[in-house]
Amino acid sequence: MTRIGVVVFPGSNCDRDTLHAISLAGADPVALWHESPDLGGVAAVVLPGGFAYGDYLRAGVIARFSPVMRSVADFAAAGGLVLGICNGFQVLAEAGLVPGALLRNRSLRFVSREVSILPERLDTPFTRALPIRRPLRMPVAHGEGCFFADAAQLDELERAGQVLFRYVDAEGRPAGDPDHPANPNGSLRGIAGVVNGRGNVAGLMPHPERAAEAVLGSDDGMWLIRSLVESAAASAAASAATSAAGPR
Amino acid sequence: MSDAPTREFRFAVNVLPRPGILDPQGRAVEQSLPHLAIHAVSAVRVGRRIELSVAAPDEPSARAVVERLASELLSNPLIEGYTVEAVAAASSVRSDDGGASATPAEAAG
């Protein structure tokens, strides 16, 4: 069974939901402790939501320098799949593994509510299971989720197809204006999630693991989790084939 | 490790949002000003000041450590800028007068 790691930082609080969602998607979830650099041979890594190291100084910055993150950076550099959710997105942005920065919400308020996000692309390891491009409902819960990059960087992200999700209204229209009511935090161009240039590291502010079963009000988040599991299984199979064929 | 004698150097790092980046905290402060009947204040930017001591053989090497710390940890260069200044006292805030005023050195500077 495909093993997928979920990093547990002091202050992570969505790690168990994420482990649960991964097992619902048919993979073997593995908790990875922040003090250990050992990723245990997992085929993908998820950085879950929460308040890693208390979010002191800036959200995600202390976590960035933890032993596990050095291994995650090496794993990503080798092409490994990494998904950061909410605080995990903040950690990835602070580590420079995905572009941009997450600023204090424009409202200065912590927002905890359901939003709709529209995937820009279905040809990524994080969205490939989705049969059609449609808005996905899932919750956000954060105080620092306002996506920022300067205008030139934003243009480059759009040109390179690195915008993965945008906040949209109930009809699926983009909430690009930072003051749009469907834009929960003032994110520039309504950006809710991005992917790195190589396409193997992604982060988003909304919580797919909190929308993983119908009983939770939405199971749209499972499309992301299932995509990750499928992609991880494919990459594990590929690397097994490579090492079987290799000289060794 | 070097055996060179070291001294303690004290610094302050001032971190501020870069120009042009929306600062909702600064805006919130501005919006509170009418409640204080203050109308002549504008362009409020809210940042963070970190004071720290470094043991080093000389001031330039101490400052180099602070520069690295400021750029890699204390600020995010995408969204924030910083300045480093030497601080004479253990703290630039005095406790004997309620902690509200700057040191003479800083007030003069």
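Residues numbered from 1 in each chain as written. Chains lettered and ligands numbered in written order. Predicted model: local features only at pLDDT ≥ 70, side-chain atom pairs only at ≥ 80, totals over all residues.

**Remarks on the overall build of chain A**
The helix and strand tally for chain A stands at six helices and 11 strands. Taken over C-alpha atoms, the radius of gyration comes to 17 Å for chain A, in line with the 18 Å a tight globule of 248 residues would show. In terms of overall dimensions, chain A has a C-alpha envelope of 55 × 40 × 40 Å along the principal axes. Sequence separation of 24 or more characterises 76% of the internal contacts of chain A that already satisfy a separation of 6 or more. (Helix = DSSP H or I, 4+ residues; strand = E, 2+ residues; numbered from the N terminus. Rg over C-alpha atoms; globule rule 2.2 N^0.38 Å. Contact = placed C-beta atoms within 7 Å.)

**With respect to the overall build of chain B**
Summing up its helical and strand segments, chain B has three helices and three strands in all. Starting at the N terminus and walking to the C terminus, you meet the elements of chain B as β-α-β-α-β-α. In chain B, which comprises 109 residues, the share counted as buried stands at 11%. Here the contacts in chain B between residues at least 6 apart in sequence split such that 62% fall between residues at least 24 apart. (Buried ≥ 20, exposed ≤ 12 C-beta atoms within 10 Å, placed from the backbone.)

**A short note on the interface of chain A and chain B**
On the side of chain B, nine residues touch chain A, which itself brings nine residues to the contact. Residues belonging to the side of chain A that touches chain B are distributed by class as follows: five nonpolar, no polar and four charged. (Nonpolar A, V, L, I, M, F, W, Y, C, P; charged D, E, K, R; others polar.)

**Quick look at the pairing of strand S3 (residues 44–47) of chain A**
Residues and elements named next belong to chain A. Judged by which residues are buried, S3 turns out to be covered on both faces: Ala44 and Val46 on one side and Val45 and Leu47 on the other are all buried. The pairing of S3 with strand S4 (residues 81–85) spans four bridges and is classified as parallel. Across the sheet, Ala44 pairs through a bridge with Leu81, a residue of S4. (Pairing = 2+ DSSP bridges.)

**What to know about the sheet that holds strand S7 (residues 136–142) of chain A**
All names here are of chain A. Strand order in the open sheet made by the nine strands is S2-S1-S3-S4-S11-S10-S9-S6-S7, with mixed pairing throughout. Two strands bound the open sheet, and with one partner strand each, they are strand S2 (28–33) and S7. Pairwise comparison of adjacent strand axes, ignoring direction, gives a mean angle of 25 degrees for this sheet. Bridge analysis of strand S6 (residues 111–119) against strand S9 (residues 163–168) gives four bridges, and the strand direction is antiparallel. Paired with Leu118 across the two strands is Arg166, which belongs to S9. In the packing of helix H3 (residues 67–77) onto the sheet, contacts are made with strand S1 (3–8), S2, S3, S4 and strand S11 (201–204), and the angle to S4 comes to roughly 130 degrees. (Axes fitted to C-alpha atoms, helices over the stretch in contact; angles between N-to-C directions.)

**Brief notes about the environment of B:Ala56**
Residues and elements named next belong to chain B. Within the secondary structure, Ala56 sits in strand S2 (residues 48–56). A C-alpha to C-alpha distance of 33 Å links Ala56 and Pro19, two positions 37 residues apart in sequence. Non-local contacts of Ala56, meaning those with residues more than four positions away in its chain, are made with Thr6, Phe9, Ser61, Ala62 and Val65.

**A word on the confidence of the model for chain B**
Residue and element names in this part refer to chain B. Mean pLDDT over chain B stands at 86; residues scoring 70 or higher make up 83%. With pLDDT under 50 throughout, residues 99–109 is counted as low confidence; its partners more than four residues away or in other chains account for 11 contacts. We note a pTM of 0.90 for the whole complex and an ipTM of 0.82 for its interfaces. (pLDDT = per-residue confidence, 0-100.)

**Re the environment of A:Asp15**
Residue and element names in this part refer to chain A. Structurally, the position occupied by Asp15 is in helix H1 (residues 15–24). For the pair Asp15 and Val46, spaced 31 residues apart in the sequence, the C-alpha separation amounts to 8.9 Å. Residues in contact with Asp15, not counting those within four places in the same chain, are Val6, Val8, Ala31 and Pro48.

**Some thoughts on the environment of A:Arg137**
Residues and elements named next belong to chain A. Checked against the element boundaries, Arg137 lands in strand S7. Arg137 gets classed as partly exposed once you count the C-beta atoms within 10 Å, which come to 16. Between the C-alpha atoms of Arg137 and Pro10, which are 127 residues apart in sequence, the distance is 28 Å. Sequence-distant contacts of Arg137, that is, excluding residues within four places in its chain, are made with Glu114, Ser116, Ala211, Ser218 and Asp220.

**Quick notes on the sheet that holds strand S3 (residues 80–86) of chain B**
Residue and element names in this part refer to chain B. An order of S2-S1-S3 is seen for the three strands of this open sheet, with the pairing classed as antiparallel. Where the open sheet ends on each side, the last strands, each with one partner, are S2 and S3. Strand-to-strand twist of the sheet, defined as the mean angle between neighbouring strand axes without regard to direction, takes the value 25 degrees. Two elements, strand S1 (residues 7–17) and S3, share seven bridges in a ladder whose sense is antiparallel. Its bridge partner being in S3, Ala12 is matched across the sheet by Glu85.

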